[in-house]
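# Observations on chain architecture
Each chain, written out:
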Amino acid sequence: MCADCHSDNLKRNFNSEKERFDTHFSNINVGCKSCHNDITDEHKTKKNIKAAQTSPTNMSQWKIIGDNKIATWQGEPRDNSFMQGCYACHSLRSPLTDGFDNSQAFLDQFSPSFLEPNLYHADGQIKEEVYVFGSFAQSKIYKAGVNCVDCHDKHTMKVKTKTNGLCLQCHSASEYNKPEHHCHKEQSTGAQCVSCHMPTNRYMGVDDRRDHSFKIPRPDISIKYDTPNACVQCHDGQTNEWAASTLEKWHGKAPALSASEHSMLELRSLKAISQNAHIRLINDFSLNEIDRASAIAYLGNSGAELNDATVKSWVNSPLPLIRLAIARVGFLLPEAERLKSYKQLLTDKLKSVRVAAAQNLSQTATQISGLNQSIIELAHANTVNTWRGEGNINQSMLALNKQDINGAIKSLQKGITVDPYFDASYVNLADIYYRLGQTEKMQSVLNNGLTAVPSSAPLHYANGMALIRSGNKPAAVGSFKHAMALESNNVQYAYLYFLALDSIGATAQAVSELKSKISTYNNAVKLKSLGMSFTKKLKNAAGYQFFKQLK
């Protein structure tokens, strides 16, 4: 999994039938060919390095003009397309090819993750190991045209200086590098720009990585949405309230959030927002591309049914992440609507968009231009990834769309063989057996999955559903409780747990636990409605009022 970024010119050459690799590479390290595919093995001449793979690095061209406090780019227009080669490694993504070629577009070789709630905090700060692309694409400096080598040496990739001088290339020292701005003792850790604007997360126990979204600390947002902030990260034992109050004394009241920013925070906190507010958020051109694309991806969580009139502008967007996002959630369009403007995505110039659209159109019986070729590209992407569970599960979905049940089962079984700790393979295979009425096989698959991945919330949830169907409600309660404990922000797991308690006559217990836990789920509407229903059933007026007044 790590090899293509930690070696040069890698080809895995995995044989799915023999379950063997025949891997080749140029160098077990990050070397010249990691960024320059066209350089010869003998490194004969410097001319072999493409001019297109470099970008202007003369920082004198970032200039502070007049009374401005922040520099703007002066000179020839910048071509930052070389950063697509950086994203090949510095992003959380799914590969579409075996190895990668830096002369090709990033989105022709990879399909990146968006700002998903399990990966990022509600305000977009990093949570899990997501590398840099998703963070940097959110930032104001990315929008302004800053590129990687403005801050990093293009060969060592180390920052050019570990002092504030790095930021002062573009930010006025007289405005920002003074106690009145950072409000900390000069030369202290707190006076460093990166301490407040690039806080770190530790991964693998030893690797501290900085957040590249360059956000301003907002403890006032942390209070409401449980997001991290640099203030309390440094000041152990202090509260978000203390931090918010202190910042207000220093810099005045925090700016009010726009309607779109508020909707985005609600959405990423897994709170319900109206479909109209959701669509307005997506169509707010003041937001950056990845935020808008991520909002499209969130439509899949809401189950909203879309139509051609809503998605047409996204399908025709000049922004590639917008097209990729709608391509992925095409299943929200009824088939008749999918055959309108959406089908154009099959001939998009970027492979990631084409294969996402093919996944959602592969079951149609209608002849569509570009469909067969896009399905071939999709199948190839799945095939080169059959050494991983994801590749096999994607291949099984393609088989299901073609009504090839046996092919889907075979792919999932292969996925379990090569990647026994990928829980989704067990869940999907069990679901197929359930639909076939083969309940013994279904339960066997779930039992095997829970043995292999006992900490999987989706497997415990799937097992709970299986137990409900078989009539063993008391045992189902235990499975749902495990799922809820393992993934405490998943409203659906909590909802089924409380429903299961009610089904065995433990309604009072369900109400008691729901009262204590509902704030954990940001007072989710469906849990609030459940609480009102249960208390009404128990004729518990006080309890009913408790849930009714929640906001």
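Procedures and definitions
- Residues numbered from 1 in each chain as written.
- Predicted model: local features only at pLDDT ≥ 70, side-chain atom pairs only at ≥ 80, totals over all residues.
- Heavy atoms only, no water.
- Core = buried A, V, L, I, M, F, W, Y, C linked by side-chain atoms within 4.5 Å.
- Buried < 20%, exposed > 50% of the residue type's maximum accessible area, 1.4 Å probe, protein only.
- Contact = heavy atoms within 4.5 Å.
- 1 Å grid on protein atoms, 1.4 Å probe; cavity = no way out; pocket = protein on both sides within 12 Å on 5 of 7 lines; lining within 4 Å.
- Points joined across faces, edges and corners; volume = space filled by probe spheres on them.
- Helix = DSSP H or I, 4+ residues; strand = E, 2+ residues; numbered from the N terminus.
- Phe/Tyr/Trp six-rings, centres within 6.5 Å; stacked < 30°, edge-to-face > 60°.
- Lys NZ or Arg CZ within 6 Å of the ring centre and 35° of its normal.
- Polar contact = N/O pair within 3.5 Å; in protein donor to acceptor, adjacent residues only side chain to side chain.
- Salt bridge = Lys/Arg side-chain N within 4 Å of Asp/Glu carboxyl O.

Let us now look at the nonpolar core. The biggest cluster of nonpolar side chains holds 63 residues, and the ones touching the most others in it are Ile296, Leu306, Trp314, Leu321, Ile326 and Leu345. With residues near it in sequence (within four places) discarded, leucine 321 still touches Leu107, Pro112, Phe114, Phe133, Glu289, Ile290 and Ala293. Judged by nonpolar contacts, the second largest core, of 29 residues, contains Tyr493, Val511, Phe547 and Leu550.

Take the layout of surface pockets next. Of the volumes computed, that of the second largest pocket is approximately 540 Å³. As for the second largest pocket, its lining consists of 23 residues, and the residues nearest its centre are Tyr87, Phe133, Tyr142, Glu289 and Pro320. Secondary structure elements with two or more residues in the lining of the second largest pocket: helix H2 (83-87), helix H4 (140-144), helix H14 (289-302) and helix H16 (320-328). Counting residues per element, the lining of the second largest pocket draws most heavily on H2, which supplies three residues.

Now for the packing of aromatic side chains. All told, the structure shown has 14 aromatic pairs when counted by the stated rule. Between the aromatic rings of tyrosine 497 and phenylalanine 498, the centroid separation amounts to 5.2 Å while the plane-to-plane angle is 55°, which identifies the pairing as tilted. With respect to burial, tyrosine 497 and phenylalanine 498 carry one shared label: buried. Among the aromatic side chains, those forming a connected cluster through ring pairs are Tyr87, Phe100, Phe106, Phe110 and Phe133. The ring of tryptophan 387 carries arginine 388 above its face, with NZ or CZ at 5.6 Å from the centroid. Directly above the ring of phenylalanine 546 sits lysine 515, whose terminal nitrogen or CZ lies 5.4 Å from the centroid.

This next bit is on the side chain of threonine 246. Here threonine 246 shows up in helix H11 (residues 240-251). A relative accessible area of 15% means that threonine 246 is categorised as buried. A polar atom in the side chain of threonine 246 sits 2.8 Å from the backbone oxygen of tryptophan 242.

Below, the discussion takes up the environment of aspartate 431. Mapped onto the secondary structure, aspartate 431 falls in helix H22 (residues 423-435). Aspartate 431 sits 277 residues away from lysine 154 along the chain, and the two C-alpha atoms are 49 Å apart.

The full count for this structure, using the stated rule, is 17 salt bridges. A salt bridge links glutamate 19 to lysine 414, with the nearest nitrogen and oxygen atoms 3.2 Å apart. Linking glutamate 19 in the loop between strand S1 (14-15) and strand S2 (20-21) with lysine 414 in helix H21 (residues 405-418), this pair joins segments that are 395 residues apart in sequence. Assessed through its relative accessible area of 38%, glutamate 19 is described here as partly exposed. Aspartate 348 is the salt-bridge partner of arginine 323, the closest N and O atoms lying 2.5 Å from each other. You can see arginine 323 sitting in helix H16 and its partner aspartate 348 sitting in the loop between helix H17 (335-338) and helix H18 (351-361), a full 25 residues away along the chain. Accessibility assignment for this pair places arginine 323 and aspartate 348 in one class, buried. Several salt bridges share partner residues, and in doing so they unite Asp4, Arg12 and Arg93 into one network.

These results come straight from atomic positions and should not be treated as a statement about function.
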